Amino acid sequence: MALFPGAVVGAQVVVVNDSITRNALPVATVRAIFSLRVQVLDGHKLTVFVLDPRDPVHTGFSKDVLGVFPYQLEAAWNRSIFSGASRGPVIVNSEAEMHRRVANTVGGVGYLSQPVAHESIRILNIEGSHP
């Protein structure tokens, strides 16, 4: 499994439910998924799982992987929610809960600070330059 090159500790990997057949996506597409602009992938409606925006792992993921500040990501969520385009991301309380929820949700996508082995999730390789 490939890891995001140069990812920092705090948010090293994007994980997807095994219903998502893609092995890799461009960083711009990953950013669009977590900004709720891409809501379907491989024929499955995506469910985006995130940690509380104040969580250091979420902050690291936003800044170091997606290349946006957490407040910019929240603003994108609010636009999507208020326009009726989505219901927003599912906020989970811990990485363990994120791992479990992504594994048990068709179309689930999230992030973890450490790679983990599990039969129902895969690590998504992120193509392109580091933001």
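Rules used in this analysis
- Residues numbered from 1 in each chain as written.
- Predicted model: local features only at pLDDT ≥ 70, side-chain atom pairs only at ≥ 80, totals over all residues.
- Heavy atoms only, no water.
- Helix = DSSP H or I, 4+ residues; strand = E, 2+ residues; numbered from the N terminus.
- Buried < 20%, exposed > 50% of the residue type's maximum accessible area, 1.4 Å probe, protein only.
- Contact = heavy atoms within 4.5 Å.
- Areas by Shrake-Rupley, 256 points an atom, 1.4 Å probe, with all protein chains shown as cover.
- Core = buried A, V, L, I, M, F, W, Y, C linked by side-chain atoms within 4.5 Å.
- pLDDT = per-residue confidence, 0-100.
- Pairing = 2+ DSSP bridges.
- Axes fitted to C-alpha atoms, helices over the stretch in contact; angles between N-to-C directions.
- Parallel < 35°, antiparallel > 145°, perpendicular 65-115°, else oblique.
- Nonpolar A, V, L, I, M, F, W, Y, C, P; charged D, E, K, R; others polar.
- Salt bridge = Lys/Arg side-chain N within 4 Å of Asp/Glu carboxyl O.

Chemist: Tell me what's going on with the overall build of the protein, and back it up with residues and numbers.
Modeler: What the protein contains, in helices and strands, is four helices and eight strands. Beginning at the N terminus, the succession of helices and strands in the protein can be written as β-β-α-β-β-β-α-α-β-α-β-β. Counting the 131 residues in the protein, one finds 49% classified as buried. Long-range pairs, those at least 24 residues apart, make up 73% of the contacts in the protein with a sequence separation of at least 6. Of the roughly 6,300 Å² that the protein leaves accessible, carbon and sulfur atoms contribute 54%.

Chemist: Give a detailed account of the nonpolar core, specifying residues and quantitative values.
Modeler: Looking at soluble globular proteins, one finds that nonpolar side chains tend to be buried together. Counting residues in hydrophobic clusters, the biggest one holds 36 residues, and the most contacted among them are Val14, Val30, Ile33, Phe34, Met98 and Tyr111. Ignoring sequence-local partners within four residues, the contact set of Phe34 consists of Val14, Val48, Phe49, Val50, Phe61, Leu66, Leu73, Trp77, Val109, Gly110 and Tyr111.

Chemist: Could you give me a rundown of unusual backbone geometry, with the residues and numbers involved?
Modeler: In this structure, Leu36 takes a positive phi of about 70 degrees despite not being glycine. Mapped onto the fold, Leu36 is located in the loop between helix H1 (27-34) and strand E3 (40-41). Classification of Leu36 by relative accessible area gives buried; the value is 8%. The phi angle at Asp42 is positive, at roughly 55 degrees, despite the residue not being glycine. The residue Asp42 is located in the loop between E3 and strand E4 (44-45) in this model. Judged by relative accessible area, which is 26%, Asp42 ranks as partly exposed.

Chemist: Account for the confidence of the model for the protein, naming residues and giving values.
Modeler: Per-residue confidence for the protein gives a mean pLDDT of 87; residues scoring 70 or more make up 89%. Mean pLDDT in the protein bottoms out at strand E8 (residues 121-127), which sits at 90, and peaks at strand E5 (residues 47-51), which reaches 97. Low pLDDT, under 50, characterises residues 1-11; the predicted model gives this stretch 25 contacts beyond four residues in sequence or across chains.

Chemist: Please give an account of the sheet that holds strand E6 (residues 90-92) that cites residues and values.
Modeler: Strand order in the open sheet made by the six strands is E2-E8-E1-E7-E5-E6, with mixed pairing throughout. The two strands at the open ends of the sheet, each matched to only one other strand, are strand E2 (24-26) and E6. Between one strand axis and the next, the sheet turns by 35 degrees as a mean value, whatever way the strands run. With four bridges connecting them, strand E1 (residues 13-17) and E8 associate as antiparallel partners. Following the sheet pairing, Val15 is matched in E8 by Ile123. Where H1 meets the sheet, it contacts E1, E2, E5, strand E7 (108-112) and E8, and its direction lies at approximately 90 degrees from that of E2.

Chemist: Kindly report on the packing of H1 against helix H2 (residues 56-66), identifying the contributing residues and their values.
Modeler: The N-to-C vectors of H1 and H2 enclose an angle of 150 degrees; their axes lie 11 Å apart at closest approach. Judged by the angle between their axes, H1 and H2 are roughly antiparallel. Side by side, H1 and H2 meet where Val27, Val30, Arg31 and Phe34 of the first sit next to Phe61, Val65 and Leu66 of the second. Along the lines of polarity and charge, the residues of the contact of H1 with H2 split into six nonpolar, no polar and one charged.

Chemist: Before we move on, can you summarise the pattern of salt bridges with the specific residues and values?
Modeler: Following the criterion strictly, the structure yields three salt bridges and no others. Note that Arg54 is salt-bridged to Asp52, the shortest N-O span being 2.8 Å. Residue Arg54 is classed as exposed on the basis of its relative accessible area of 71%. Across the pair Arg101 and Glu97 runs a salt bridge whose closest N-O atoms are separated by 3.3 Å. With Arg101 and Glu97 both in helix H4 (residues 95-103), this residue pair falls four residues apart, about one helical turn.

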